[in-house]
Amino acid sequence: MLAKRIIPCLDVRDGRTVKGVNFINLRDAGDAVELASLYAHSGADELTFLDITATIENRGTFTALVRRIADVIDIPFTVGGGIRTIADVGALLGAGADKISINSEAVRNPAMIGLLAQEFGSQCVVCAIDVRSNAAFDCARGPGWEVYVHGGRTPTGKEALAWAMEAQDRGAGEILLTSMDHDGVKGGFSVELTRRFSDQLSIPIIASGGAGTMEHFAEVFTAGGADAALAASIFHFREIDIPELKIFLQKRGIAIRLSQ
Amino acid sequence: MSQSPSVVVVKYNAGNIRSVLCALTRLGVDAVVSDDQKVLQAASRVIFPGVGEASSAMRYLQESHLDETLLALKQPFLGICLGMQLMCSFSEENSTGCLGMFDAQVVRFGDHSGLKVPHMGWNTAHDLKDPLFAGLGTEPWFYFVHSYHATLSPQTIATCTYGDVGFSAALCHKNFKGVQFHPEKSGPAGAKVLQNFLSDHSAGGSV
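Position numbers for residues count from 1 along each chain, tracking the sequence in the order it is written. All chains are assigned letters beginning at A, and all ligands numbers beginning at 1, according to the order in which they are written. The predicted origin of the model limits local features to residues at a pLDDT of at least 70 and limits the giving and counting of side-chain atom pairs to 80 or more, whereas totals for whole chains, interfaces and linings rest on all residues.

## Remarks on the environment of E174(A)
Then comes step 1: Helix and strand definitions here come from DSSP, where helices need a minimum of 4 consecutive H or I residues and strands a minimum of 2 consecutive E residues; each element is numbered from the N-terminal end. With respect to the helices, strands and loops of the structure, E174(A) is situated in strand β9 (residues 174-179).
Then comes step 2: Separated by ten residues in sequence, E174(A) and A164(A) have C-alpha atoms that sit 9.6 Å apart.
Then comes step 3: Setting aside residues up to four positions removed in sequence, E174(A) forms contacts with V126(A), I203(A), P204(A), I206(A) and M120(B). Think of it this way: build a C-beta for each residue from its backbone, and any pair within 7 Å is a contact.

Below, the structure written as structure tokens:
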């Protein structure tokens, strides 16, 4: 049976991980490769690296990092952050990334999704969508959500579900769906949001934003219908241990890959 | 295992081969990437990866006459993902006639089956019938990403199930083997499959 995926997310700036990481047994907590390797060995199903490099000049550092990650990591990984052109994507995939995620640029230029799918295949095109609930988009089915870009700072006026369906039709292979309302609060994923998107879309949904407990993961996989769940700080600070989380989920009857 | 004769990864227009090369490097194998007939014929093992779309890949193989070269190879040969699909007889993906090493057909996961397509993520392989899976227990987990799948056939050496659909996770005919999953991305289980392929002497060649 296809397993639900657990995906730690690492923020990288100028080639180093930035979100505080609390692994006392790491020689260098800022080394993305070492941290990624530790996650891969502890049973993470995939990894995501987001480049939050401040300057364009340092973008090359990220590509170099992706090459080092690909040398070492034997599970799939996605890279994103600041991708603007087909050449950006070609360089990252050529460096060994399995998938790329695009967010703001896809909103600015939706045709980009189709171009990438055509050039590299849908399987490597993840459309990341950051949303906030907005009563202006409520409908008969329930509450509505608005798409935000630029790291969640800029509202776009786009209704989120319609945008996700457009991204799917244009060739996105997966949706990384982040609830800004829930992100960082540790009160649980937005089950309602995830469920609505999962029911309406025919491509996999990665739920993101709000993980605080193991129960939250169980909830977003069952009630939310998520195909994968992504989290950052609760893994980095070891508030949740991935092997324990996976055993917990398996005991709840959720299809999970236990480390071999 | 870096001694000659070499492991050759087929160079063509379909997809990213760096992860396959990295996986081989982790196993101590310095593979050669080539589309040269002589290099392919002299290889001890040939790996045929692939990510992308079937018809454009087949067109490229035909125009470059790589199709004839690959079909004539006698040494252990491993197709991965699209590579395996191209080794089947026919793919529904843009109605493409394929190389035909295997008698299976490649069909799309039903769009109206309620299944998310692509089939993306970790799934278990079952009914393992080949030394390729030696030492992996009865239900190893592998990483899959695909929208089309090879039907079950007498040449199926591992099965997988997605929703209600059973399909070939791996196929074998003579020296030709193919796996739908990505061994290069399937953690230690995937590395073991590659290692088994490199060290299996039953198919004739040796590394």
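## Quick word on the interface of chain A and chain B
Then comes step 1: Contact residues are listed per partner, giving 25 residues for chain A and 29 residues for chain B.
Then comes step 2: Note that Gly is not counted as nonpolar here; it falls among the polar residues with everything else outside the nonpolar set of Ala, Val, Leu, Ile, Met, Phe, Trp, Tyr, Cys and Pro and the charged set of Asp, Glu, Lys and Arg. Among the residues forming the side of chain A that touches chain B, the class breakdown is nine nonpolar, eight polar and eight charged.

## Comments concerning the environment of E146(A)
Then comes step 1: Tracing the backbone through its elements, the reader meets E146(A) in strand β7 (residues 145-149).
Then comes step 2: Between the C-alpha atom of E146(A) and that of D130(A), which follows or precedes it by 16 residues, the distance is 8.3 Å.

## A closer look at helix α1 (residues 32-41) of chain A
Owing to its 3.6 residues per turn, the α-helix aligns residues three or four sequence positions apart on the same side.
Residue and element names in this part refer to chain A.
Then comes step 1: Here a residue counts as buried when 20 or more other C-beta atoms fall within 10 Å of its C-beta, as exposed when 12 or fewer do, and as partly exposed in between; the C-beta atoms come from the backbone. Regarding α1, the residues found buried are A32, L35, A36, Y39 and A40. End-on view of α1: buried residues confined to an arc of 140°, all on one side of the axis.
Then comes step 2: Lining the buried residues of α1 we find β1 (5-13), β2 (16-17), β3 (47-51), α2 (59-72) and α10 (242-251).
Then comes step 3: Positive backbone phi, at 105°, marks G43, one or two positions downstream of α1. An arc is given here, and it is the one of the directions from the helix axis to the C-beta atoms.

## Topic: the nonpolar core
Residue and element names in this part refer to chain A.
Then comes step 1: Each nonpolar core consists of buried Ala, Val, Leu, Ile, Met, Phe, Trp, Tyr and Cys residues. Their C-beta atoms, within 7 Å, join them into a set. In this structure, L47, I100, C127, I129, I175 and A229 are the most contacted members of the largest nonpolar core, which totals 154 residues.
Then comes step 2: Residue contributions to this core peak at six residues, all from strand β6 (residues 125-133).
Then comes step 3: Not counting residues within four places of it along the chain, the set of residues in contact with L47 comprises I7, P8, L10, A36, Y39, I73, I75 and F77.

## Examining the pairing of strand β9 (residues 141-146) of chain B
One face of the sheet, then the other: side chains in a regular strand alternate in exactly this way.
Residue and element names in this part refer to chain B.
Then comes step 1: Counting buried residues in β9 gives six out of six residues, a clear majority hidden from the surface.
Then comes step 2: With burial as the criterion, each face of β9 is covered, one bearing W141, Y143 and V145 and the other bearing F142, F144 and H146.
Then comes step 3: When DSSP finds two or more bridges between a pair of strands, those strands are recorded as paired. Bridging between strand β8 (residues 119-124) and β9 involves six bridges; their strand directions are antiparallel. By the bridge assignment, W122 is partnered in β9 with Y143.

## A word on the sheet that holds strand β6 (residues 96-97) of chain B
Then comes step 1: As summarised here, the arrangement of the four strands in space is β6-β5-β7-β10 (chain B), forming an open sheet in which the pairing is mixed. Lying at the two open borders of the sheet, with one neighbouring strand each, are β6 and β10 (148-150) of chain B.

## A word on the environment of S55(B)
Residues and elements named next belong to chain B.
Then comes step 1: Relative to the helices and strands, S55 is located in helix α3 (residues 54-63).
Then comes step 2: Since 15 C-beta atoms lie within 10 Å of it, S55 is described here as partly exposed.
Then comes step 3: Every residue in contact with S55, bar those within four places of it in the chain, is listed here: E93, N94 and T96.

## Remarks on the sheet that holds strand β4 (residues 77-80) of chain B
Residue and element names in this part refer to chain B.
Then comes step 1: The strand order across the open sheet built from seven strands is β2-β1-β3-β4-β13-β12-β11, with neighbouring strands paired in mixed fashion. Edge positions in the sheet fall to β2 (32-34) and β11 (156-162), since each of these pairs with one other strand and no more. Strand-to-strand twist in this sheet, taken as the mean axis angle between neighbours without regard to direction, amounts to 25°.
Then comes step 2: Here strand β1 (residues 7-10) pairs with strand β3 (residues 45-48) via three bridges, running parallel. Pairing of V8 across the sheet is with V46, part of β3. For helices, the fitted line uses only the C-alpha atoms of the stretch in contact; every axis is such a line through C-alpha atoms, and the angle between N-to-C directions lies from 0 to 180 degrees.

## Considering helix α5 (residues 111-120) of chain A
Residue and element names in this part refer to chain A.
Then comes step 1: Taken residue by residue, α5 has M112, I113, L116 and F120 as its buried positions. Taken down its axis, α5 places every buried residue within 105° of arc, on the same side.
Then comes step 2: The elements touched by buried residues of α5 are α3 (86-94), β5 (99-102), α4 (104-108), β6 and α6 (160-170).
Then comes step 3: Phi for G121, located one or two positions after α5, is positive at around 100°.

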